[in-house]
Amino acid sequence: MTLTLADFYLICFVVGFALSLVSAFGGFFHVPGLHHAHHGHHGHIHVGGGHGHTAGTQVSPFNFSTLTAFLAWFGGVGYLLTRFSGLWLWFALLIAAASGVVGSSIVFLFLVKVLLAHDKPLNPADYDMIGVLASLTSGIHPGGTGEMSFKQAGMRRSAPARSDDGTEIPKGVEVVVTRFERGIAYVRRWDDLNDSKETL
C-alpha cells in the first residue's frame, strides 16, 4: 500500500489530535501551580538572615501541548487542502505549516494567559520552619516532646515540638521555632524572646 500525501496529513492530524486529548486530560496541559503563600497571625518571625526568591513560572513555547497542537492543525488543514482543493503541492504544504504555527500559538497563549495567569513565584522563606510562630496543642514536659500547630503557606499544619533549652512549656503557649531537625521543631516561648529583645 502506497502512502499518499493525503494519508500523511491524516496521520499527522490523528496523532496530533489524540496526543492533544492525552495532554488535556492527562495533566500535561496544566503546570502545577506555584501558589503565593500568605500568613495569618501564626506566621514567620524573622530571627536570622534574608531569604532568596526563585524565578517565576516560565513555559517554553516548544512543549508537549504546543507540539501536539501543531501536528493536529498541520495535518487537518493539509488533508483538507490536498483532498478538496487544487492548490499547488508546495503551496498547500506552506499553508498547512502556517496553520500549525497558528494553532500551536493559540494553545501557548491560552496556557500562559489563562492557565498560568494566577501562578506566583515560590518564596522559599514561606516554607522555612525557622522563625515560625506556633501554638502548643500538647504541652512539652522537661526533656520531652509535645505538639504545635501553626499556619504555613495558607494551611494549618502541626508538628512535634521540643523545648530548645529543655524546660517545660505548657499547652496553649505561643512559641517560636529556633531550629528544625529530623522533623522535630525546637522551640522557645514567644514571651521569652520578646523579653530578651526588650533588654537589649
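Residues numbered from 1 in each chain as written. Predicted model: local features only at pLDDT ≥ 70, side-chain atom pairs only at ≥ 80, totals over all residues. Heavy atoms only, no water.

Chemist: Would you mind showing me how to read the overall build of the chain here?
Modeler: Helix and strand counts for the chain come out as four helices and five strands. Burial status across the chain gives 32% buried among its 200 residues. Across the chain, every contact between residues at least 6 apart in sequence was considered, and the portion connecting residues at least 24 apart equals 65%. A total accessible area of about 12,200 Å² is found for the chain, and carbon and sulfur atoms account for 65% of it. (Helix = DSSP H or I, 4+ residues; strand = E, 2+ residues; numbered from the N terminus. Buried < 20%, exposed > 50% of the residue type's maximum accessible area, 1.4 Å probe, protein only. Contact = heavy atoms within 4.5 Å. Areas by Shrake-Rupley, 256 points an atom, 1.4 Å probe, with all protein chains shown as cover.)

Chemist: Would you mind showing me how to read the pairing of strand E3 (residues 155–163) here?
Modeler: Moving residue by residue along a regular strand, the side chains alternate between the two faces of the sheet. For strand E2 (residues 145–152) and E3, the ladder comprises eight bridges, and the chain directions are antiparallel. Of the residues in E3, the one forming a bridge with Thr145 is Arg162. The antiparallel pairing of E2 with E3 creates a hairpin that spans two residues between the two strands, and Ala153 there sits at a positive phi of about 55 degrees. In this structure, E3 lies alongside strand E5 (residues 184–189), joined through three bridges in parallel fashion. For Ala161, the partnering residue across the bridge sits in E5 and is Ala185. (Pairing = 2+ DSSP bridges.)

Chemist: Help me understand the pattern of salt bridges, please; the structure alone is not making it clear to me.
Modeler: A side chain with one charge may pair with a side chain of the opposite charge, provided their charged atoms come close. What the rule picks out here adds up to two salt bridges. The partner of Glu181 in a salt bridge is Arg179, and the shortest N-O contact between them spans 3.1 Å. For Glu181, a relative accessible area of 38% translates into the label partly exposed. The class of Arg179 is partly exposed, set by a relative accessible area of 30%. A network of salt bridges, in which partner residues are shared, links Asp164, Arg179 and Glu181. (Salt bridge = Lys/Arg side-chain N within 4 Å of Asp/Glu carboxyl O.)

Chemist: So what exactly am I meant to see when it comes to helix H2 (residues 64–84) here?
Modeler: Residues separated by three or four positions in an α-helix point in the same direction, a consequence of the helix having 3.6 residues per turn. The end-to-end C-alpha distance of H2 is 30 Å, a good match for the 30 Å that 21 residues give at a rise of 1.5 Å each. Within H2, burial applies to Ser65, Thr66, Thr68, Ala69, Ala72, Phe74, Gly75, Gly76, Gly78, Tyr79 and Leu81. (Expected span 1.5 Å × (residues − 1).)

Chemist: Even after reading the chapter, I still don't get the sheet that holds E2, so can you show me in this structure?
Modeler: Whenever strands of a sheet pair, they do so through backbone hydrogen bonds, lying parallel or antiparallel. Pairing within the closed barrel is mixed, and its five strands lie in the order E1-E2-E3-E5-E4. Going from strand to strand, the sheet's axes swing by 55 degrees on average, the running direction of each strand aside. (Axes fitted to C-alpha atoms, helices over the stretch in contact; angles between N-to-C directions.)

Chemist: What should I look at first to understand the confidence of the model for the chain in this one?
Modeler: For residues with low pLDDT, the predicted coordinates do not support detailed interpretation. Looking at the chain as a whole, its pLDDT mean stands at 75, while 72% of the residues score no less than 70. At the low end of the mean pLDDT range in the chain sits helix H4 (residues 190–199), at 66; at the high end sits E5, at 90. Counting contacts from residues 28–56, a segment whose pLDDT is below 50, to residues more than four positions away or on other chains yields 71 contacts. (pLDDT = per-residue confidence, 0-100.)

Chemist: Whenever I open this one, the environment of Ser20 confuses me. Can you help?
Modeler: Within the secondary structure, Ser20 sits in helix H1 (residues 5–26). Sequence separation of Ser20 and Leu67 is 47 residues, and the distance between their C-alpha atoms is 8.9 Å. When near neighbours in sequence (up to four residues on either side) are disregarded, Ser20 contacts Thr68 and Ala69. A polar contact is formed between the side chain of Ser20 and the backbone oxygen of Gly16, at a distance of 2.8 Å. (Polar contact = N/O pair within 3.5 Å; in protein donor to acceptor, adjacent residues only side chain to side chain.)

Chemist: Please explain the packing of aromatic side chains as it appears in this structure.
Modeler: Aromatic ring pairs are reported here in terms of the distance separating the ring centres and the angle at which the planes meet. Overall, the coordinates contain five aromatic pairs when judged by the stated rule. Between Phe8 and Phe74, the aromatic rings sit 6.4 Å apart at their centres with planes inclined by 80 degrees, giving edge-to-face as the arrangement. In this pair, Phe8 sits in helix H1 while Phe74 sits in helix H2, placing the two residues 66 residues apart along the sequence. A relative accessible area of 9% places Phe74 in the buried class. Over the ring of Phe84 we find Arg83; its NZ or CZ atom is 6.0 Å from the centre of that ring. One Lys or Arg, Arg179, reaches over the ring of Tyr186 and ends 3.9 Å from the middle of that ring. (Phe/Tyr/Trp six-rings, centres within 6.5 Å; stacked < 30°, edge-to-face > 60°. Lys NZ or Arg CZ within 6 Å of the ring centre and 35° of its normal.)

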